[in-house]
Amino acid sequence: AQTVTQSQPEMSVQEAETVTLSCTYDTSENNYYLFWYKQPPSRQMILVIRQEAYKQQNATENRFSVNFQKAAKSFSLKISDSQLGDTAMYFCAFRSTSGTYKYIFGTGTRLKVLA
Amino acid sequence: DVKVTQSSRYLVKRTGEKVFLECVQDMDHENMFWYRQDPGLGLRLIYFSYDVKMKEKGDIPEGYSVSREKKERFSLILESASTNQTSMYLCASSPTAGTGPVGYTFGSGTRLTVV
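The model shown is predicted, which means the values in this text are computed figures rather than measured ones.

Caption draft 1: The arrangement of the nonpolar core in detail. If you look at the biggest cluster of nonpolar residues, it comprises 25 residues, and the most contacted ones within it are A:Tyr25, A:Trp36, A:Phe75, A:Leu77 and A:Tyr90. Broken down by secondary-structure element, the contributors of at least two residues to this core are strand E3 (19–21), strand E5 (32–39), strand E6 (46–52), strand E8 (64–69), strand E9 (74–79), strand E10 (88–96) and strand E12 (109–114) of chain A. Element by element, the count of residues in this core is highest for E10(A), at four residues. If we skip the residues at most four places from it in the chain, A:Tyr90 touches A:Gln6, A:Leu21, A:Trp36, A:Tyr37, A:Lys38, A:Val48, A:Phe64, A:Leu77, A:Ile79, A:Gly108, A:Thr109 and A:Leu111. Counting 21 residues, the second largest nonpolar core, distinct from the first, contains B:Val4, B:Met32, B:Leu76 and B:Leu78.

Caption draft 2: Up close: the interface of chain B and chain A. Taken residue by residue, the interface counts 28 residues in chain B and 20 residues in chain A. Carbon and sulfur atoms make up 55% of the surface buried where chain B meets chain A, a total of about 2000 Å² over both sides. The three residues of chain B that bury the most area against chain A are B:Pro101, B:Tyr104 and B:Phe106, which together make up 28% of that side's buried surface. Taken together, the links from chain B to chain A amount to zero salt bridges. Across the contact surface, chain B and chain A share six residue pairs in polar contact (both at pLDDT 80 or more). Elements that contribute at least two residues to the side of chain B that touches chain A include exactly strand E5 (31–38), strand E6 (42–49) and strand E10 (87–94) of chain B. Here the side of chain B that touches chain A is composed, by residue class, of 14 nonpolar, 11 polar and three charged.

Caption draft 3: Representation of the state of the cysteines. What the rule picks out here adds up to two disulfides over all chains. Between the sulfur of A:Cys23 and that of A:Cys92 lies a disulfide, 2.0 Å long from S to S. In this structure the cystine formed by A:Cys23 and A:Cys92 twists about its S-S bond by roughly -70°; its chirality is therefore left-handed. Of the two residues, A:Cys23 is situated in the loop between E3 and strand E4 (24–26) and A:Cys92 in strand E10; the sequence distance between them amounts to 69 residues. Across the pair, exposure class does not vary: A:Cys23 and A:Cys92 are buried alike. Disulfide partner of B:Cys23: B:Cys91, at an S-S distance of 1.9 Å. One quick way to see it: the torsion about the S-S bond of B:Cys23 and B:Cys91 is about -75°, and its sign makes the bridge left-handed. Note that B:Cys23 is positioned in strand E4 (residues 23–25) and B:Cys91 in strand E10, a separation of 68 residues in sequence. Classification of B:Cys91 as buried rests on a relative accessible area of 0%.

Caption draft 4: Seen up close, the pairing of E12(A). Residue and element names in this part refer to chain A. Judged by which residues are buried, E12 turns out to be one-sided: Thr 109, Leu 111 and Val 113 face inward and are buried, whereas Arg 110, Lys 112 and Leu 114, on the alternate face, are not. Bridge count between E10 and E12: three bridges; the pairing is antiparallel. Its bridge partner being in E12, Tyr 90 is matched across the sheet by Thr 109.

What counts and how
Residues numbered from 1 in each chain as written. Chains lettered and ligands numbered in written order. Predicted model: local features only at pLDDT ≥ 70, side-chain atom pairs only at ≥ 80, totals over all residues. Heavy atoms only, no water. Core = buried A, V, L, I, M, F, W, Y, C linked by side-chain atoms within 4.5 Å. Buried < 20%, exposed > 50% of the residue type's maximum accessible area, 1.4 Å probe, protein only. Helix = DSSP H or I, 4+ residues; strand = E, 2+ residues; numbered from the N terminus. Contact = heavy atoms within 4.5 Å. Buried area = accessible area lost by both parts, 1.4 Å probe. Salt bridge = Lys/Arg side-chain N within 4 Å of Asp/Glu carboxyl O. Polar contact = N/O pair within 3.5 Å; in protein donor to acceptor, adjacent residues only side chain to side chain. Nonpolar A, V, L, I, M, F, W, Y, C, P; charged D, E, K, R; others polar. Disulfide = S-S within 2.5 Å. Pairing = 2+ DSSP bridges.

Next comes the structure, spelled out in C-alpha cells:
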C-alpha cells in the first residue's frame, strides 16, 4: 500500500525568505502523480502544484517549486519569497495513475510566515 | 467559478443522532470523496463514489454510509453519531482518469461536534 510521510509537523519562516517542506512516499508503481495542497486558516483546500512521476523536470508555479527525486521517493516543496498569505497547512498527496482516483495524503505541515 | 458546496460549516449534534452531511458540485465531475481531517492524522478517506449510485469504502468507513442518487450530490451519513466522530469533514470532487494529474476541488469543510 502507498504511504505519504511529512516529517515536519510545524515550521516557520521569515517573510521574504525561502522555506522547504519535506515529503516522502512509498509505492511500488512506476507512474503516479504527486501534489501539494494548501489549506489556509479559512479552511478551503487549494491545489498548489502537481508533478507527474514520468516527467523528470521539476514543476514550478510562480514562487512554488518542487524537488522531485524519484529514486529517493522524495517530493519537497520550496516556497520562495515567503509572504504572510502563505501561512497555512500544507499537505502532500499521492495518486496512482491506475485504478481508482483516490488520493493518499500526508499528515500535513503547519507553516507560519513571520513578519 | 466552479464549486464544491458543503451545506453546513458548523454542526453540533447529540450522541445517537442520525446526521446527514451534504455535498454538491457543479463541475459535472464523476468522482466524489468524503474525508475526515484530524490534527496529526491528516486526511483520511471515508467513502468515495465514481458514478451515480456507485460507492466504495475508503480507509475508515465504520460508522458511516453514503448516498449518491444524482451525479452532483454526495451525502455522508452518520448512522448513530458518537463523540469520536467529532471532526472536520471535507468533501472533494474530481473528473475521471484520462485527464492527467487533475487535482481535487474541495469544499469548505464541515466542523462537526458530537456532544
